[in-house]
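What follows is each chain in one-letter form.
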Amino acid sequence: MNHLLSLILFTPLVGAAVLMFVNKRSENAIRWIANLFAMAGFLVSLPLWFYYDDTNPSWQFVERAAWIPSIGADYHLGVDGFAVLLLLLTTMMGAIAILSSWTAIKERVKEYYIFLLILQTGMIGAFVSLDFLLFFLFWEVMLVPMYFLIGIWGSDRRLYSAIKFFLYTLAGSVVMLLGILALYYNYTDPQTGQHTFDIVQFQQHGFDTSLQWWVFLAFFLGFAIKVPMFPFHTWLPDAHTDAPTAGSVILAAVLLKMGTYGFIRFSLPILPDATRAFVPMIATLSIIGIIYGALVAMAQRDWKRLVAYSSVSHMALVMLGMFALNPVGIKGSIVQQINHGISTGALFLIVGVVYERRHTRQISEYGGLSKVMPVYAAVFGVMMLSSIGLTALNGFIGEFLILQGIFTVNRMWAAVAATGIVLGAAYMLWLYQRTMFGKIENPKNENLPDLNFREVMTFVPLIILAVWIGIYPTPFLNRLNTSVDRVIARVSPQYLQQNASGTPADCGQKPAASKWQVAPCGPGQAASPATAPAGTVPADQ
């Protein structure tokens, strides 16, 4: 297990290298090799689920080697529970996306799969990096393959959408790099006496408040574009609409999580003072995004564009729960990120199935599909209910925890968030009714084939996870305990005081009645200077 993360990281890259030596005319061989390496990447990541110790507050599976010693940059990898869940989501969705492309891609097949595998490497690297320069390298690696996937294999306006995606993301990345350099030049490793890019040390250091403000804004631009938050969201509907199905799946399931991952991994623990100061701004933008995304989704006539705008609303809810800055809100935010990857990734696969058969995404072109595609309609129904948060499916768990976390901070925020959830149910049910029920009025839909075995296999793991998380989320929540405690110890230490003493610190309210409840301490309150209980913050490794 000493080099497990490196094995996971470089498996898809080895697959891409192998494909470079395969004759481009051997398209079936290319497909098989790409799928084998994608599945291998998922299989080698599974030990993370079984061997991760959710009682150990330290970073786990740590690997470290000198990379560029002259500037203090190391090849430093490690994971906590949050990274483990996102890493498993990434390897699973990557394998599913590659499998879904078997018959969809017929031109430049070799280059297509090479780009997908390189993209997979970039996403994995960003989640396991504990060195800021290494993180930024993988962050930028993700940009290029997705640009080509949209620009070459996309639909009608693919060049416009690809350039828009590239420019938005690049602009945020450049500003984020300035923030990283600001931290780098304002911190010296006490052991070596030189500057360092060590994320673990940054998380344990108290930077000057004025510096935190500027760095928070730099990180905010980079991460908010990636989420995307209102008003930085305008690249997303175009990119989703024009990307190939696999590109949309990866974009929704994983790439959007890079922004929320950045906030939780970097902004909250490294910049706690600035984080508390900017809560009103983040909450306002999130509330606007929840309502705006839902209302615009209701007005869409393009099936894929509707799902894209639903992501704007769902990810805004994730951000609002995160910036409640309490354990329940942050834990719900993380769980909902996983849920969004599962449900929205499945919804884009569902659009891709009918688009491959009919080559149109217009909702008005469909109707009565349940009569000719009953298995497809059943799968769509389950994932649609998952997306709107039906009880006993995964979406309910995340939304419930987020609303509980928000409610303890501001009841008005919770009310608005609940309104967005209701609107989400409205547009998803409307979409399902328009496409699955009624008469088959378009003769082109009368003989559409139902899901084949390969297509069913792309949905099976997603349905299993949706039911599993909805009925028994404890294994997922337990893996987040130490990750959330690490963040809370920095940004809202009063909650750890409460858990240690059994009385609410700084709040003057009754203590929590159960592990799911927290004392209603708002993020606007100044955190007490007390330190976390022994063993809560992991030692630097």
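Residues numbered from 1 in each chain as written. Predicted model: local features only at pLDDT ≥ 70, side-chain atom pairs only at ≥ 80, totals over all residues. Heavy atoms only, no water.

A.B. asks: Teacher, can you tell me more about the overall build of the chain here?
C.D. replies: In terms of helices and strands, the chain carries 23 helices and two strands. Over its C-alpha atoms the chain spans a radius of gyration of 23 Å, differing by no more than 12% from the 24 Å that the globule rule assigns to 541 residues. Dimensions along the principal axes, computed over C-alpha positions, put the chain at roughly 70 × 55 × 40 Å. Residue burial in the chain is summarised as follows: out of 541 residues, 62% are buried. Taking all contacts inside the chain whose residues are at least 6 apart in sequence as the whole, residues at least 24 apart take part in 79%. Of the roughly 19,700 Å² that the chain leaves accessible, carbon and sulfur atoms contribute 64%. (Helix = DSSP H or I, 4+ residues; strand = E, 2+ residues; numbered from the N terminus. Rg over C-alpha atoms; globule rule 2.2 N^0.38 Å. Buried < 20%, exposed > 50% of the residue type's maximum accessible area, 1.4 Å probe, protein only. Contact = heavy atoms within 4.5 Å. Areas by Shrake-Rupley, 256 points an atom, 1.4 Å probe, with all protein chains shown as cover.)

A.B. asks: Just to check I follow, could you spell out the confidence of the model for the chain for this structure?
C.D. replies: If pLDDT is low for a region, its predicted coordinates should not be looked at in detail. Within the chain, residue pLDDT values average 89, and 92% of them lie at 70 or more. A low-confidence stretch, residues 503-541 stays under pLDDT 50, and its non-local contacts, those more than four residues away or across chains, total 90 contacts. (pLDDT = per-residue confidence, 0-100.)

A.B. asks: Explain the environment of Ile363 here, please?
C.D. replies: Along the polypeptide, Ile363 turns up in the loop between helix H15 (327-358) and helix H16 (369-372). What Ile363 contacts, discounting residues up to four positions off in sequence, is Gln300, Arg301, Asp302, Trp303, Leu306, Trp430, Leu431, Arg434 and Thr435.

A.B. asks: Looking at this structure, how should I read the environment of Gly321?
C.D. replies: Along the chain, Gly321 turns up in helix H14 (residues 303-322). Taking C-alpha positions, Gly321 is 23 Å from Pro57, a pair spaced 264 residues apart along the chain. Filtering out sequence-adjacent residues up to four positions away, Gly321 remains in contact with Gly329, Ile330, Ser333, Ile402 and Ile406.

A.B. asks: Honestly, the pattern of salt bridges in this entry has me stumped. Any pointers?
C.D. replies: Proximity of charged atoms lets side chains of opposite charge pair with each other. Under the defined criterion, the tally for this structure stands at 12 salt bridges. Among the ionic pairs, Glu27 bridges to Arg31, the shortest N-O distance being 3.9 Å. With Glu27 and Arg31 both in helix H2 (residues 27-45), this residue pair falls four residues apart, about one helical turn. Residue Glu27 is classed as partly exposed on the basis of its relative accessible area of 29%. Connected via shared salt-bridge partners are Arg157, Lys164, Asp238 and Arg305. (Salt bridge = Lys/Arg side-chain N within 4 Å of Asp/Glu carboxyl O.)

A.B. asks: Which parts of the structure should I look at to understand a nonpolar patch on the surface?
C.D. replies: Together, Phe10, Leu13, Val14 and Val18 line one region of the surface with nonpolar side chains, adding up to about 280 Å² of accessible area. Structurally, Val14 is set in helix H1 (residues 4-19). Given a relative accessible area of 43%, Val14 falls into the partly exposed group. (Patch = residues over 30% accessible without salt bridge, like charges linked within 9 Å, V, L, I, M, F, W, Y side chains within 5 Å.)

A.B. asks: How should I be thinking about unusual backbone geometry in this particular structure?
C.D. replies: When glycine is set aside, most residues are seen to have a negative phi, and most peptide bonds are trans. With an omega dihedral of -5°, the bond running from Val227 to Pro228 counts as a cis peptide bond. Relative to the helices and strands, Pro228 resides in the loop between helix H9 (209-226) and helix H10 (235-242). A positive phi angle is found at Arg108, which is not glycine, with a value near 50°. You can see Arg108 is positioned in the loop between helix H4 (81-100) and helix H5 (109-128). According to the relative accessible area criterion, Arg108 is exposed, its value standing at 53%. A positive phi is found at His359, a non-glycine position, where the angle reads about 60°. Among the secondary structure elements, His359 is positioned in the loop between H15 and H16.

A.B. asks: Help me understand helix H17 (residues 374-388), please; the structure alone is not making it clear to me.
C.D. replies: Since the α-helix turns once every 3.6 residues, residues separated by three or four places project in the same direction. If you check H17, its first and last C-alpha atoms are 21 Å apart, about what 15 residues at 1.5 Å a residue would give, namely 21 Å. What H17 keeps buried is the set Tyr376, Ala377, Val379, Phe380, Gly381, Met383, Met384, Ser386, Ser387 and Ile388. Buried residues along H17 sit against H14, H15, H16, helix H18 (394-407), helix H19 (411-436) and helix H20 (453-471). Downstream of H17 by a residue or two, Gly389 has a phi angle that is positive, lying close to 85°. (Expected span 1.5 Å × (residues − 1).)

A.B. asks: Teacher, can you tell me more about the pairing of strand S2 (residues 73-79) here?
C.D. replies: Within a regular strand, side chains alternate between the sheet's two faces. For S2, a buried count of six out of seven residues is recorded, marking the element as mostly surrounded by other parts of the structure. One ladder, built from six bridges, connects strand S1 (residues 60-68) with S2; its direction is antiparallel. Across the sheet, the residue bridging to Ala65 is Tyr75, located in S2. (Pairing = 2+ DSSP bridges.)

A.B. asks: It is not clear to me how the packing of aromatic side chains should be interpreted in this structure. Could you clarify?
C.D. replies: Aromatic ring pairs are reported here in terms of the distance separating the ring centres and the angle at which the planes meet. A complete count under the given rule lists 41 aromatic pairs for this structure. When the ring of Trp139 is compared with that of Phe223, the centres are 5.8 Å apart and the planes differ by 65°; the resulting orientation is edge-to-face. In this pair, Trp139 is assigned in helix H6 (residues 132-153) and Phe223 in helix H9, connecting sequence segments 84 residues apart. With respect to burial, Trp139 and Phe223 carry one shared label: buried. Look at Phe380 and Tyr432: their rings are 5.0 Å apart centre to centre, the planes differ by 65°, and that puts the pair in the edge-to-face class. A residue pair is termed long-range when its members are at least 10 positions apart, and Phe380 in helix H17 and Tyr432 in helix H19 qualify at 52 residues. Note on Phe380: relative accessible area 0%, which makes it buried. Sitting over the face of the ring of Trp139, Lys226 holds its NZ or CZ atom 5.0 Å from the ring centroid. We note Arg486 situated over the ring of Trp59; from NZ or CZ to the ring centre the distance is 4.3 Å. (Phe/Tyr/Trp six-rings, centres within 6.5 Å; stacked < 30°, edge-to-face > 60°. Lys NZ or Arg CZ within 6 Å of the ring centre and 35° of its normal.)

A.B. asks: Help me understand the packing of H9 against helix H11 (residues 245-270), please; the structure alone is not making it clear to me.
C.D. replies: In helix packing, the relevant descriptors are the interaxial angle and the interaxial distance, both defined with respect to the helix axes. Orientation of H9 relative to H11, taken along the N-to-C sense of each, is 165°, at an axis distance of 7 Å. As summarised for this structure, H9 and H11 are arranged roughly antiparallel, according to the angle between their axes. As for how H9 packs across H11, the hand of that crossing is left-handed. Across the interface between the two elements, Gln212, Phe216, Phe219, Phe220, Phe223, Ala224 and Lys226 from H9 touch Leu255, Leu256, Met258, Gly259, Gly262, Phe263, Phe266, Ser267 and Ile270 from H11. (Axes fitted to C-alpha atoms, helices over the stretch in contact; angles between N-to-C directions. Parallel < 35°, antiparallel > 145°, perpendicular 65-115°, else oblique. Left-handed = near helix turned anticlockwise from the far one by under 90°.)

A.B. asks: I'm lost on the packing of H4 against H20 in this one. Help?
C.D. replies: Where H4 meets H20, the axes come as close as 9 Å, and the angle between the chain directions of the two elements is 160°. Judged by the angle between their axes, H4 and H20 are roughly antiparallel. The element H4 and its partner H20 pack so that their crossing is left-handed. In this structure, H4 uses Met92, Met93, Ile96, Leu99 and Ser100 to contact H20, whose residues at the interface are Arg454, Thr458, Pro461, Leu462 and Leu465. Residue classes in the contact of H4 with H20 are distributed as seven nonpolar, two polar and one charged. (Nonpolar A, V, L, I, M, F, W, Y, C, P; charged D, E, K, R; others polar.)

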